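Results of the structural survey
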Amino acid sequence: MKVLALIPARNEADSLPAVIAALRQEQPELDILVVDDASTDGTGAMLSALGVEHLRLCEHLGVGSAIRAGLRYAQRKRFDIVVRVDGDGQHPAGEIGSLIEPILANTADAAVGSRFGGAAGYRTPPGIRRAGQRVVSAWVSAASGVRVTDATSGFWAFGARAIRLLADEHPPGYPEPELLLLLARSGLTVAELPIRMNHRLAGQTTLTVGRLGLACAITALALLVMPLRQTTKGAGGG
Amino acid sequence: MASLLQIGAILVSGALLLLVIDLVRRRKLTEEYSIIWILCAAALLVLSLWRDILHVTARWLGVYYPPAVLLLVLIFFVFVASLYFSVVISGQRRQIESLVEEMALLDQRLREAERNRAPDK
């Protein structure tokens, strides 16, 4: 089994070295690919210095496109599993093993780590962000038929079928809630696992109130539109 | 007897039509994207030239002030054109995304090839 750790990064020069060091130390058998989404803080030069394999997008496209490019790379290099790890250090390298378990056991095509399920220590402080995250999660659960507690989580693992689908169809922009809908709708099984996550090492979260509002709107739209679309090629069911 | 308003409407819609055609002639506008504007200008021109059409349409629509139909037609075309261009822009956005992603992949393959050619570096 060839497993790739895919790190989409935009201006994460402060936290990326630690994230890569942790991956190399705790998961030495893993290949690493960083997709630099046109960073302006020297992330690109740092990646060469670290000697880590990377793709560099010459224009800022958003995390969805960065992941799609990474998945195409994985497809060409014939990786069996892709684990998406954020460049801000939120996703502990030690949890990758549990995240890919359902895929290795062939019980799911994709797995997503939840900050909220189980006895995990992470809690978004109460307020509009937490309320927004709950609304989006409930919405996505209802629409996809998969019960999720954390629809905005970026800690994902994709198996071969999911890689094949998403290398062409990964939603662009701010994609997490839509991703789950797309996978479920294309007849792929998604498992949600409780994961202990860290707080980000440096920099600012990109998940602002505005983005959550946008995620709500996109999810609502996807909920309305996706059943009208034809099921995408290369996927069973539907 | 033509009113000042009618003469104005004829001149403006005629000028619009000529402008669009000239833009196509100078290759500032491709034929594909000019059709919607030519239709718009032609419709306005027809409505300003034959006021009867305007009056009949106004009565049919229940509009008391016939020149308002001109505005209605204009707004309709502008709306359709904007929507059409949003579709075009969305398509181009997808193409650009795809291009940038493919370029990044090519760049990586190139670096890999260079690495393999000079293994002692």
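As a starting point, this report considers the structure included with it. These numbers were taken from a predicted model, which means no experiment stands behind them.

Time to look at the pairing of strand β3 (residues 54-57) of chain A. Residues and elements named next belong to chain A. Covered by surrounding structure in β3 are H54 and R56 together with L55 and L57, the residues of both alternating faces. Relative to β3, strand β2 (residues 31-37) is paired through four bridges, and the arrangement is parallel. Bridge assignment links V35 to a residue of β3, and that residue is L55. A crossover links β2 with its parallel partner β3, the connecting element being helix α2 (residues 43-50), and its sense is right-handed.

This part covers helix α8 (residues 209-225) of chain A. Because an α-helix completes one turn every 3.6 residues, residues spaced three or four positions apart along the sequence face the same direction. Residues and elements named next belong to chain A. The end-to-end C-alpha distance of α8 is 24 Å, a good match for the 24 Å that 17 residues give at a rise of 1.5 Å each. Within α8, burial applies to L212, A215, T219 and A222. With its buried residues spanning 85 degrees around the axis, α8 presents them on a single face. Pointing more than 90 degrees away from the buried face of α8 are the exposed residues V209, G210, A217, L221, L224 and V225. Among the structural elements, α5 (128-144) and α7 (176-185) are those in contact with the buried residues of α8.

Let's shift gears to the environment of H55 of chain B. Looking at the element boundaries, H55 of chain B is found in helix α3 (residues 51-61). Distance in space between the C-alpha atoms of H55 of chain B and L5 of chain B is 14 Å, their sequence separation being 50 residues.

What follows covers the interface of chain B and chain A. The interface of chain B with chain A comprises eight residues on the first partner and twelve residues on the second. Broken down by class, the residue content of the side of chain B that touches chain A amounts to four nonpolar, one polar and three charged.

As a further point, take the packing of helix α2 (residues 31-49) of chain B against helix α4 (residues 67-117) of chain B. All names here are of chain B. Remark: α2 packs on α4, axes separated minimally by 10 Å, with the N-to-C direction vectors making an angle of 175 degrees. The angle between α2 and α4 places the two elements in the roughly antiparallel class. Residues I36, W37, C40, A43, L44 and L47 of α2 touch α4, and the partners they reach there are V69, L70, V73, L74, F77, V80, A81 and Y84. For the contact of α2 with α4, a count of residues per class yields 14 nonpolar, no polar and no charged.

What counts and what doesn't
- Residues numbered from 1 in each chain as written.
- Chains lettered and ligands numbered in written order.
- Predicted model: local features only at pLDDT ≥ 70, side-chain atom pairs only at ≥ 80, totals over all residues.
- Buried ≥ 20, exposed ≤ 12 C-beta atoms within 10 Å, placed from the backbone.
- Helix = DSSP H or I, 4+ residues; strand = E, 2+ residues; numbered from the N terminus.
- Pairing = 2+ DSSP bridges.
- Right-handed = clockwise from strand over helix to strand, strands pointing away.
- Expected span 1.5 Å × (residues − 1).
- Arc of directions from axis to C-beta.
- Contact = placed C-beta atoms within 7 Å.
- Nonpolar A, V, L, I, M, F, W, Y, C, P; charged D, E, K, R; others polar.
- Axes fitted to C-alpha atoms, helices over the stretch in contact; angles between N-to-C directions.
- Parallel < 35°, antiparallel > 145°, perpendicular 65-115°, else oblique.

Any functional reading would require information beyond the geometric quantities listed.
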